[in-house]
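Spelled out from the first residue to the last, the chains are:
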Amino acid sequence: MEDQLISKKDLLDLTGISYGQLYRWKRKDLIPEDWFVRKSTYTGQETFFPKDKILERIDKIVNMKDNLSLDELADMFSPNLASMALTKAELVERNIITAVAMQLFTEQAGDAEAYSFEQIIYVYALDQMLQTGQMSIEEGKRLLQVLHEHYKKLQGKGSELVMLRNMGSTSFLLVSSPNEIYVDHSTKLIVRLSMTECVEQLKVKLT
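Residues numbered from 1 in each chain as written. Predicted model: local features only at pLDDT ≥ 70, side-chain atom pairs only at ≥ 80, totals over all residues. Heavy atoms only, no water.

Novice: Describe the overall build of the chain, and please don't skip the residues or the numbers.
Specialist: Per the secondary structure count, the chain includes nine helices and eight strands. Principal-axis analysis of the C-alpha atoms gives the chain an extent of 60 × 45 × 25 Å. For the chain, the residues scored as buried account for 42% of the 207 residues in total. In the chain, once contacts between residues fewer than 6 apart in sequence are set aside, the share between residues at least 24 apart is 62%. Counting 25 positive and 30 negative side-chain charges, the chain places the centres of these two groups 4 Å from one another. (Helix = DSSP H or I, 4+ residues; strand = E, 2+ residues; numbered from the N terminus. Buried < 20%, exposed > 50% of the residue type's maximum accessible area, 1.4 Å probe, protein only. Contact = heavy atoms within 4.5 Å. Lys, Arg positive; Asp, Glu negative; His and termini not counted. Charge placed at Lys NZ, Arg CZ, Asp CG, Glu CD.)

Below is the structure:
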């Protein structure tokens, strides 16, 4: 775990941002509270961060803050679902969803004049999983059922979609994050997809 963390001092040196900026972004909910990890060191208590996540988030904030207010950025990074709707044609033509994923979704959920953000996030997650090449169409149908039945229970929280396989049998888990997952030696973790990042990516694409 140590090599996956970066200290606050190293983070500020590496990114060039100030202490004040870092904590202002925290207060504005641009950086999640649970990314601030307090650990004991030989010099006392120090703050560390998940290295890849914090560097990616700071890069996005720096590159987008000239075009969006901090409140707009906070909404974009929030796991809460947005209030918007798009047609099937708009989703495919804007390359937000592939035609294959959209077709599978409409076969399961039915056609509609427009799809809510909640529905779009389901088909977007389906699309991301299909593009890994690790999931079949039939497994995609089961994935959609899991999201439909359980995703709302985790609304407003960070979450991950986990695909497991054991002796040819596939299971999907929808778990709150951050979480560590351990499985027995006969079970293989096939894909681990952050639903929180899917929401964030989708909000960027729809902006």
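Moving on, there is more to tell.
Novice: Residue-level account of the sheet that holds strand 8 (residues 187–194), with values.
Specialist: Backbone-to-backbone hydrogen bonds pair the strands of a sheet. The strands run either parallel or antiparallel. If you trace the three strands from one edge of the open sheet to the other, you get 7-6-8, paired in antiparallel fashion. A single partner strand is all that each edge strand has here, and the edge strands are strand 7 (169–176) and strand 8. Across the sheet, the mean angle separating the axes of adjacent strands is 20 degrees when strand polarity is ignored. The sheet contact formed by strand 6 (residues 159–166) and strand 8 spans seven bridges and is antiparallel. Residue E160 lies in a different strand from strand 8, and its bridge partner there is S194. Contacting strand 6, strand 7 and strand 8, helix 7 (residues 117–131) crosses the sheet at an angle of about 135 degrees to strand 8. (Pairing = 2+ DSSP bridges. Axes fitted to C-alpha atoms, helices over the stretch in contact; angles between N-to-C directions.)

Novice: Which residues make up the pairing of strand 3 (residues 44–50), and what values go with them?
Specialist: When strand 1 (residues 5–7) meets strand 3, the two strands line up antiparallel, connected through three bridges. Within strand 3, the position partnered with I6 by the bridge is F49. Pairing geometry for strand 2 (residues 37–41) and strand 3, over five bridges, is antiparallel. Bridged to K39 within strand 3 is E46. Hairpin connection between strand 2 and strand 3: a loop of two residues separates the two successive antiparallel strands.

Novice: Describe helix 2 (residues 19–27), with residues and values.
Specialist: Taken together, the buried positions of helix 2 are L22, Y23, W25 and K26. Taken around the axis of helix 2, the buried residues stretch over an arc of 155 degrees, which confines them to a single face. Considering only its buried residues, helix 2 is in contact with helix 1 (8–15), strand 3, helix 3 (51–64) and helix 4 (70–77). Of the residues one or two after helix 2, D29 is the one with positive phi, at around 65 degrees. (Arc of directions from axis to C-beta.)

Novice: Describe the packing of aromatic side chains, listing the residues and the values that go with them.
Specialist: Across all of its chains, the model carries five aromatic pairs by this definition. Taken together, a centroid distance of 5.9 Å and an interplanar angle of 90 degrees make the contact between Y122 and Y151 edge-to-face. You can see Y122 sitting in helix 7 and its partner Y151 sitting in the loop between helix 8 (137–150) and strand 6, a full 29 residues away along the chain. Neither Y122 nor Y151 differs from the other in exposure class; each is buried. These aromatic residues form a ring-pair network of at least three members: Y19, Y23, F36 and F49. Positioned above the aromatic ring of F36 is the side chain of K26, whose terminal nitrogen or guanidinium carbon lies 4.5 Å from the ring centre. Geometry around F77 places R57 over its ring, the cationic atom sitting 4.1 Å from the centre. (Phe/Tyr/Trp six-rings, centres within 6.5 Å; stacked < 30°, edge-to-face > 60°. Lys NZ or Arg CZ within 6 Å of the ring centre and 35° of its normal.)

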